[in-house]
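Chain residues, written in single-letter form:
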Amino acid sequence: MTTVEQLGRYIDAGAAKLPADLVIENGTLVNVNTAEYYLADVAVYQGKIVAVDADVSAYVGPETRHVDATGKYLVPGLIDGHIHVECSKLSLTRFAQAVVPHGTTSIVSGLDEYISVVGVAGLDELFTEIDQSAMKVFWGLPYKTPYTIPTSTISYNVSAADHERIQPQENCYGVWETVREAIQMKDEDTLKAILTAQKYHKPVFGCSPMATGIDLNEFLMSGVHVDHESYSHEEFLEKARKGVHVVIRESSVTKFLKENIRAITEGAAGVARHTSFCTDDVNARDILDYGHLDHMVRLAIKAGVSPMTAIQMASLNSAEAYHIDDTVGSIAPGKDADILLVDQPGTFNVETVISKGQLVSENNEVVASFQPPKRSATLQGKLQHELLKPADFDYQVDLADGTATVEAIHSVGPFVRKRQDVELAVKNGVVQPDVAKDTALVSVIERYGINGNQSRGFLHGWSIKRGAVATSASPDDNNLVVAGVNTDDMALAANTLIECGGGQVVVVDGKVVALLELPIGGITTDLTPAELAAKEIELKTAAEQLGSELPDPLFYLSFLPITAIPDLAITDGGNVDYTKLAYFDPILELNK
């Protein structure tokens with residue numbers, strides 16, 4: 001929090017009475033406020049921009065550092081408007097190491113996956129880490145947790161009482177991830193959270209995939225201000241026309257930019273000023289291979305959006321949507337010194353990054369240190385469950401031998417799951433997986449030592465022919481998820497993660513063939529981005545030994561407990577039919 005004395009120093013620095021720490025000279029400013037390009041120098045004092053003028057020599061002192069931007073364009077730091085940063089499996093420090101050199105200097109996040117494993121109080125340690133990081137995190141308290149309907153098990157349930165306590169706090173920027181179903185149900189905690197945020201004039205962030213017409217009108221009556229999930233450009237355009245700030249998502253799996261951008265290029269050009277970008281869920285491999293928000297800027301330009309407009313979407317628009325444009329989003333006096341030097345707006349290659357007033361990278365060389373803090377016992381991954389036996393994964397029924405018709409969860413894609421009825425053999429009272437019918441077993445085990453829940457069900461469409469996979473990084477509750485066609489291998493996979501404190505593993509024929517340990521809450525790691533990317537490739541290669549033809553079996557596995565993905569899911573509470581917001585019994589019929 002800025003003190004009166006510090007504000008006074010900033011005012012003196014703006015008056016050139018105190019010398020700047022840093023000046024950037026001879027660059028071309030990309031002024032996102034006025035959509036202009038012109039030559040300008042920038043002066044920075046203690047992390048704040050104090051001057052943006054044709055000449056800032058009055059701000060130079062004997063200790064001022066000079067950065068020559070001749071031939072370069074000065075762009076505001078980029079803002080990811082919605083990201084579950086934990087889904088990258090990188091710790092906050094390591095995620096910053098991955099994305100800040102690509103120009104992403106701020107993210108908007110609920111830190112909700114961390115909340116699921118350490119609670120709201122456990123975030124204090126992470127906020128300290130953020131303060132010491134090169135990347136800003138604008139945090140919104142989740143509307144409630146868990147997100148699952150029916151409710152699954154996590155370590156801490158966010159309630160309306162938490163919003164009453166936290167929304168007034170300086171480090172909370174609104175209500176995160178308000179889903180349409182909670183509004184439809186008029187969930188009392190959710191409505192109270194919204195009213196609390198409105199009392200403090202903080203935005204409500206929404207999530208309403210495939211909402212149009214009356215469904216959208218109903219949702220917007222809640223006061224939701226931002227929405228990050230549109231499956232078509234028609235849906236995207238309707239939301240914009242109804243006053244929503246719409247966010248284009250381009251994650252590692254759900255790539256919506258090409259479709260959503262059509263609302264601008266084919267629909268109404270004015271939509272662009274009310275559009276921003278997010279990645280939602282992104283992995284280390286993709287960041288290293290393609291970049292982060294800089295990649296989205298390039299994609300938008302390729303799709304026909306002007307460079308200025310694309311840059312506004314990645315900076316100012318997002319800042320305005322989340323009510324943080326008083327500090328970030330443009331290069332102007334009084335704003336935080338988050339400044340990029342790019343080659344040209346049209347090609348948008350980020351060459352130098354200044355974040356929080358400090359040089360992070362210069363001429364494509366990282367010059368900042370990214371050193372993770374020492375982790376406390378609070379954040380150490382621990383799966384509180386006794387070791388499992390192969391029989392724990394058997395789906396037992398009241399029939400000795402015969403057949404069972406089961407309702408399996410068929411994966412059409414990572415975010416589309418439909419019903420598939422399959423007839424399976426029953427032997428000695430246990431329903432058998434069937435490789436020939438592409439049907440595997442799946443189980444979710446509660447990991448917090450709260451109730452010991454374990455659900456069982458069936459997967460279809462994964463083409464698993466042997467072995468098992470398991471993960472404890474599984475939003476939105478981060479319980480232990482195991483899938484396979486061999487219960488011995490399933491038990492080994494689960495026990496490996498229980499013993500190491502969480503992670504992801506592939507087991508084939510009684511052998512662990514790939515293991516990624518995630519020691520921070522069982523969901524993230526302090527491995528460097530390059531080290532994690534190598535592990536991700538190792539896991540993907542190992543999963544191919546199972547015979548799976550999915551593009552990324554571990555990613556699909558991680559997302560199985562997300563109930564909001566149409567139509568089916570599985571949590572520690574059971575198999576979920578989200579179209580009915582209820583559990584279902586996967587055993588449809590037993591026949592002798």
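Here the structure is a predicted model, which means the values were calculated and not measured.

1. Comments concerning the overall build of the protein
Along the protein, the regular secondary structure elements total 18 helices and 31 strands. The C-alpha atoms of the protein give a radius of gyration of 25 Å, which matches the 25 Å a tight globule of 592 residues would have. In terms of overall dimensions, the protein has a C-alpha envelope of 90 × 50 × 45 Å along the principal axes. Across the 592 residues of the protein, 62% fall into the buried class.

2. With respect to the UniProt feature "domain: Adenine deaminase C-terminal" (unreviewed entry) in the protein
UniProt feature "domain: Adenine deaminase C-terminal" (unreviewed entry): in the numbering of this structure it lies at residues 416-580. In residues 416-580, the share of helix is 22% and the share of strand is 35%. The end C-alpha atoms are 16 Å apart.

3. A look at the pattern of salt bridges
Across all of its chains, the model carries 31 salt bridges by this definition. Here glutamate 320 and arginine 273 are joined by a salt bridge, their closest N and O atoms 3.1 Å apart. Taken as a pair, glutamate 320 in helix 15 (residues 316-321) and arginine 273 in the loop between helix 11 (262-267) and strand 13 (275-278) lie far apart in primary sequence, 47 residues in all. Arginine 273 gets classed as partly exposed once you look at its relative accessible area, which sits at 31%.

4. Examining the layout of surface pockets
One water molecule sets the probe size; rolling that probe over the atoms shows where empty space is left. The computed volume of the largest pocket comes to approximately 940 Å³. As for the largest pocket, its lining consists of 22 residues, and the residues nearest its centre are Met1, Lys136, Glu170, Tyr173 and Asp336. Of all the elements in the fold, those that place two or more residues in the lining of the largest pocket are helix 1 (4-14), helix 4 (123-131) and strand 8 (136-142). Here the lining of the largest pocket is built from residues that sort into 8 nonpolar, 7 polar and 7 charged. Summarising the domain contributions, the lining of the largest pocket has at least three residues from each of domain 1 (4-71) and domain 2 (77-329). Taken together, 14 residues form the lining of the second largest pocket, with Arg180, Glu181, Ala564, Pro566 and Tyr578 sitting closest to its centre. When the residues that make up the lining of the second largest pocket are grouped by side-chain class, the tally is 8 nonpolar, 3 polar and 3 charged. When residues are assigned to domains, the lining of the second largest pocket turns out to be shared by domain 2 (77-329) and domain 3 (390-591), each giving three or more.

5. Comments concerning the packing of helix 13 (residues 293-302) against helix 14 (residues 307-314)
It is at 9 Å that the axes of helix 13 and helix 14 come closest, and there the two elements cross at 145 degrees. Where helix 13 crosses over helix 14, the two elements pack in a sense that is right-handed. Between helix 13 and helix 14, the residues in contact are Val297, Ala300 and Ile301 and Pro307, Ala310, Ile311 and Ala314, respectively. Residues of the contact of helix 13 with helix 14, tallied by class, amount to 7 nonpolar, no polar and no charged.

6. Here we look at the UniProt feature "domain: Amidohydrolase-related" (unreviewed entry) in the protein
UniProt's feature table lists "domain: Amidohydrolase-related" (unreviewed entry) at residues 73-360, given in the numbering used throughout. The span residues 73-360 carries 37% helix and 19% strand; its end-to-end C-alpha distance comes to 17 Å.

7. A short note on unusual backbone geometry
The peptide bond linking proline 475 to aspartate 476 adopts the cis configuration, its omega dihedral lying at 15 degrees. Secondary-structure assignment places aspartate 476 in the loop between strand 24 (468-471) and strand 25 (480-484). For the bond running from proline 566 to aspartate 567, omega is -5 degrees, close enough to zero to count as cis. Position of aspartate 567 among the secondary structure elements: in the loop between helix 18 (553-558) and strand 28 (568-571). Within the chain, asparagine 364 stands out as a residue other than glycine whose phi angle is a positive 70 degrees. Mapped onto the elements, asparagine 364 comes out in the loop between strand 16 (358-362) and strand 17 (365-366).

8. Here we look at the pairing of strand 3 (residues 48-53)
Burial within strand 3 is extensive, with 5 of its 6 residues counted as buried. Relative to strand 3, strand 2 (residues 36-45) is paired through 5 bridges, and the arrangement is antiparallel. Looking across to strand 3, one finds that alanine 43 is bridged to alanine 51.

9. A closer look at empty space enclosed by the protein
Summed over the entire model, instances satisfying the criterion amount to 4 cavities of 30 Å³ or more. Within this model, the largest cavity holds a volume of roughly 330 Å³. For the largest cavity, the lining is made up of 27 residues, of which Cys207, Glu229, Asp476, Ile562 and Ala564 are closest to its centre. Tallied by class, the residues present in the lining of the largest cavity amount to 16 nonpolar, 4 polar and 7 charged. Formed jointly, the lining of the largest cavity draws a minimum of three residues from each of two domains, domain 2 (77-329) and domain 3 (390-591). If you add up the space inside the second largest cavity, you get close to 230 Å³. What lines the second largest cavity is a set of 20 residues, and nearest its centre among them are Cys87, Lys89, Gln504, Phe555 and Ser558. Considering only residue class, the lining of the second largest cavity consists of 8 nonpolar, 5 polar and 7 charged. Two domains each provide a minimum of three residues to the lining of the second largest cavity, namely domain 2 (77-329) and domain 3 (390-591).

10. Comments concerning the packing of aromatic side chains
For the coordinates displayed, the defined rule picks out 11 aromatic pairs. Consider the rings of phenylalanine 138 and tyrosine 173, whose centres lie 5.0 Å apart with planes at 85 degrees: the pair is edge-to-face. Here tyrosine 173 lies in strand 9 (residues 172-179) and phenylalanine 138 lies in strand 8, a separation of 35 residues in the sequence. On the basis of relative accessibility, which here comes to 6%, the residue phenylalanine 138 falls in the buried class. Taking relative accessible area as the criterion, tyrosine 173 reaches 27% and is therefore assigned partly exposed.

11. Details of the environment of methionine 1
Structurally, the position occupied by methionine 1 is in the segment before helix 1. Along the sequence, methionine 1 and asparagine 171 sit 170 residues apart, while their C-alpha atoms lie 9.6 Å from each other. Contact partners of methionine 1, with chain neighbours within four places excluded, come to Gln6 and Glu170.

12. Concerning the sheet that holds strand 29 (residues 574-577)
Strand order across the open sheet formed by 3 strands is 28-29-30, with antiparallel pairing between neighbours. Two strands close off the open sheet at either side, each with one partner strand: strand 28 and strand 30 (582-584). Neighbour-to-neighbour, the strand axes of this sheet turn through a mean angle of 45 degrees, independent of strand direction. Of the strand pairs in this sheet, strand 29 and strand 30 are connected by 3 bridges, and their pairing is antiparallel.

13. A word on helix 2 (residues 92-99)
With 7 of 8 residues buried, helix 2 is to be regarded as a mostly interior element. Those residues of helix 2 not exposed but buried are Leu92, Thr93, Arg94, Phe95, Ala96, Ala98 and Val99.

14. So, the side chain of threonine 405
Within the element layout of this structure, threonine 405 appears in strand 19 (residues 402-413). Given the relative accessible area of 17%, threonine 405 is considered buried. With near-sequence residues (within four places) excluded, threonine 405 lies in contact with Asp421, Val422, Glu423, Pro586, Ile587, Leu588 and Glu589.

Definitions and limits used
Residues numbered from 1 in each chain as written. Predicted model: local features only at pLDDT ≥ 70, side-chain atom pairs only at ≥ 80, totals over all residues. Heavy atoms only, no water. Helix = DSSP H or I, 4+ residues; strand = E, 2+ residues; numbered from the N terminus. Rg over C-alpha atoms; globule rule 2.2 N^0.38 Å. Buried < 20%, exposed > 50% of the residue type's maximum accessible area, 1.4 Å probe, protein only. UniProt positions renumbered as here; feature names shortened; annotations may be inferred. Salt bridge = Lys/Arg side-chain N within 4 Å of Asp/Glu carboxyl O. 1 Å grid on protein atoms, 1.4 Å probe; cavity = no way out; pocket = protein on both sides within 12 Å on 5 of 7 lines; lining within 4 Å. Points joined across faces, edges and corners; volume = space filled by probe spheres on them. Nonpolar A, V, L, I, M, F, W, Y, C, P; charged D, E, K, R; others polar. Domains from an automatic or database assignment. Axes fitted to C-alpha atoms, helices over the stretch in contact; angles between N-to-C directions. Left-handed = near helix turned anticlockwise from the far one by under 90°. Contact = heavy atoms within 4.5 Å. Pairing = 2+ DSSP bridges. Phe/Tyr/Trp six-rings, centres within 6.5 Å; stacked < 30°, edge-to-face > 60°.

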